[in-house]
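# Structural description and commentary
Chain by chain, the residues run as shown.
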Amino acid sequence: MNLYHRKIERIKNMKGFVLARDFSYGALSFFCLALFLAAGWIVELAIYPVMPATALATVSTASLVAAVIIALFPLWATVMGLILLLWVGIVGGLSYYLYPMAALSTVGLLLSSSFQLVYHWDKVIVLRLGKFHTVRGPGLCFLIPLVDRIAEFIDMRIRATDFSAEKTLTKDTVPVHVDALAFWMIWDAKKAILEVEDYTEAVILSAQTALRDSIGKHPLTSLLSEREDLGREIQQALDAKTNPWGVTILSVEITDIIIPKELEDSLSKQAQAEREKESRIILGAAEVEIAKKFREASSQYASDPIALQLRSMNMVYEGIRQNNSMMLMPASILEKMDFGSVMGTAALQQIEELKHQRNLAEEKEEQE
């Protein structure tokens, strides 16, 4: 049995070294051992009232040191080795009259290792004599010493794991680097332990394989514009593979797509050309609409020359008013507009208005 699981360097979000254990030794275990040590003091003093307190304190200290070592290396082999050392020390170095204290310390070390506290989000796989026995849920559970062991504590919460595919060729042979994020959880703790050696490594390596496979099936433009579809495709393929292991893939999200710098420049130029093309198409469509409106207006002006003349004069007026400048026009246009008659009519109208104002002024003076 390996005490430590090796770290997989090519996988992110993995713990460095995880200690293999047969059980968990925590605060509840220390409390249980303290109760047995207190009972040992009471029984020992009841049987041998003259027993020195220093001898009892030595056995208690040795038991607590053994409990600390068990907490660091929670294996039944560790428990049995420390119990043997305790008895060798008592028989060889201390008085054999301490056997009641030693017996209760031995029972305390065994039973304190047997009481297990499982958190609300965990499930544990219990093996009995090396075979699968049961799955225990949250709460307090008891292990038969030396017979039962916990294969692993399984976290049933949703997990987020990132993975990537480096220098993978797309369908149009473009090398890309894609980073993705997978949300997954264990729905069957028994299958996750019994069907696959390391479910975390299996899930992430399968995700990397599915990501590379999907990249090879799509061109670059599809990868850049259809990330959700790509993530959904990877999620379905990955979920079909991991479901027999008791693992379900909830979703896969593409977080980043990195392409070569030279290709970025060419794609930028292509996008700029596409935008210019669209602007020209829109401008051409607008010109077509304007030409249609001009055709409709020309049919109206063809039957009404005066309206055409007024429109021409209005255009000249608007041009001069907006630009606040002089406008040069060919003489033929001015002749067609008949500016002389128009200006004469305007001048005559102004003269008539001046005469009318003068008559009003004279009438006012006569009345005064």
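Residues numbered from 1 in each chain as written. Predicted model: local features only at pLDDT ≥ 70, side-chain atom pairs only at ≥ 80, totals over all residues. Heavy atoms only, no water.

For the rest of this paragraph, the subject is unusual backbone geometry. Phi is positive for Leu 129, close to 55°, though the residue is something other than glycine. Tracing the sequence through the fold places Leu 129 in the loop between β4 (122-128) and β5 (131-136). Its identity is not glycine, yet Leu 146 carries a phi of approximately 70°, on the positive side. Following the sequence through the fold, Leu 146 ends up in the loop between β6 (139-142) and β7 (148-155). Under the relative-accessibility criterion, Leu 146 is labelled partly exposed at 46%. (Helix = DSSP H or I, 4+ residues; strand = E, 2+ residues; numbered from the N terminus. Buried < 20%, exposed > 50% of the residue type's maximum accessible area, 1.4 Å probe, protein only.)

Okay, the packing of helix α1 (residues 27-47) against helix α4 (residues 99-114) next. One can describe the packing of α1 onto α4 by two numbers: an axis separation of 8 Å at closest approach and a directional angle of 165°. The angle between α1 and α4 places the two elements in the roughly antiparallel class. Handedness of the crossing formed by α1 with α4: right-handed. Of the residues in α4, those in contact with Ser 29, Cys 32, Leu 33, Phe 36, Leu 37, Ala 39, Gly 40, Trp 41, Val 43, Glu 44 and Ile 47 of α1 are Pro 100, Met 101, Leu 104, Ser 105, Val 107, Gly 108, Leu 109, Leu 111 and Ser 112. Here the contact of α1 with α4 is built from residues that sort into 14 nonpolar, five polar and one charged. (Axes fitted to C-alpha atoms, helices over the stretch in contact; angles between N-to-C directions. Parallel < 35°, antiparallel > 145°, perpendicular 65-115°, else oblique. Left-handed = near helix turned anticlockwise from the far one by under 90°. Contact = heavy atoms within 4.5 Å. Nonpolar A, V, L, I, M, F, W, Y, C, P; charged D, E, K, R; others polar.)

So, on to the packing of α1 against helix α2 (residues 53-72). Relative placement of two packed helices is described by the angle separating their axes and the distance separating the axes. For the pair α1 and α2, interaxial distance at closest approach is 11 Å and the crossing angle is 160°. By the criterion of interaxial angle, the relationship of α1 to α2 is roughly antiparallel. Classified by chirality, the crossing of α2 by α1 is right-handed. Facing Phe 30, Leu 33, Leu 37, Trp 41, Glu 44 and Leu 45 of α1, the residues of α2 in contact are Ala 53, Leu 56, Ala 57, Ser 60, Ser 63, Leu 64, Ala 67, Val 68 and Ala 71. Among the residues forming the contact of α1 with α2, the class breakdown is 12 nonpolar, two polar and one charged.

Take Thr 78: it is sitting in helix α3 (residues 76-92). From its side chain, Thr 78 meets the backbone oxygen of Phe 73 in a polar contact 3.2 Å long. Among residues more than four places away in sequence, those in contact with Thr 78 are Ile 69, Ile 70 and Phe 73. (Polar contact = N/O pair within 3.5 Å; in protein donor to acceptor, adjacent residues only side chain to side chain.)

Scanning all chains against the criterion turns up five aromatic pairs. Ring geometry for Tyr 119 against Trp 121: centres 5.5 Å apart, planes inclined by 15°, an arrangement best described as stacked. Centre to centre, the rings of Trp 184 and Tyr 199 are 6.4 Å apart; their planes meet at 70°, and the pair counts as edge-to-face. Here Tyr 199 lies in helix α6 (residues 199-217) and Trp 184 lies in strand β9 (residues 175-186), a separation of 15 residues in the sequence. By relative accessible area, which is 1% here, Trp 184 ends up buried. Owing to a relative accessible area of 5%, Tyr 199 belongs among the buried residues under this scheme. (Phe/Tyr/Trp six-rings, centres within 6.5 Å; stacked < 30°, edge-to-face > 60°.)

So, on to the pairing of β9. Of the pairings in the sheet, the one linking strand β8 (residues 159-169) to β9 comprises nine bridges and is antiparallel in character. Bridging across to β9, Thr 168 finds its partner in Val 176. Note that β9 and strand β10 (residues 247-258) share 10 bridges and pair antiparallel. Within β10, the residue paired with Asp 179 across the bridge is Asp 256. (Pairing = 2+ DSSP bridges.)

Confidence in the prediction of the protein chain, expressed as mean pLDDT, is 80, and 78% of residues score 70 or more. Within the protein chain, the lowest mean pLDDT, 42, falls on strand β1 (residues 4-5), and the highest, 91, falls on β4. Scored below 50 in pLDDT, residues 1-11 shows 27 contacts in the model against residues more than four places distant or in partner chains. (pLDDT = per-residue confidence, 0-100.)

Its 21 residues give α1 an end-to-end C-alpha distance of 30 Å, which sits within 8% of 30 Å, the value for a rise of 1.5 Å per residue. What α1 keeps buried is the set Ser 29, Cys 32, Leu 33, Phe 36, Leu 37, Gly 40 and Glu 44. Summarising the axial view, the buried residues of α1 lie within an arc of 140°, below the 170-degree limit, and thus occupy one face. Seen from the buried face of α1, the exposed residues on the opposite side, beyond 90 degrees, are Ala 27, Phe 31, Ile 42 and Ala 46. Turning to α1, the residues buried within the fold contact α2, α4 and β3 (115-118). (Expected span 1.5 Å × (residues − 1). Arc of directions from axis to C-beta.)

So, about the side chain of Thr 242. In this fold, Thr 242 is placed in helix α8 (residues 227-242). Those residues in contact with Thr 242 that sit more than four places away from it in its chain are Val 203, Val 247 and Ile 249.

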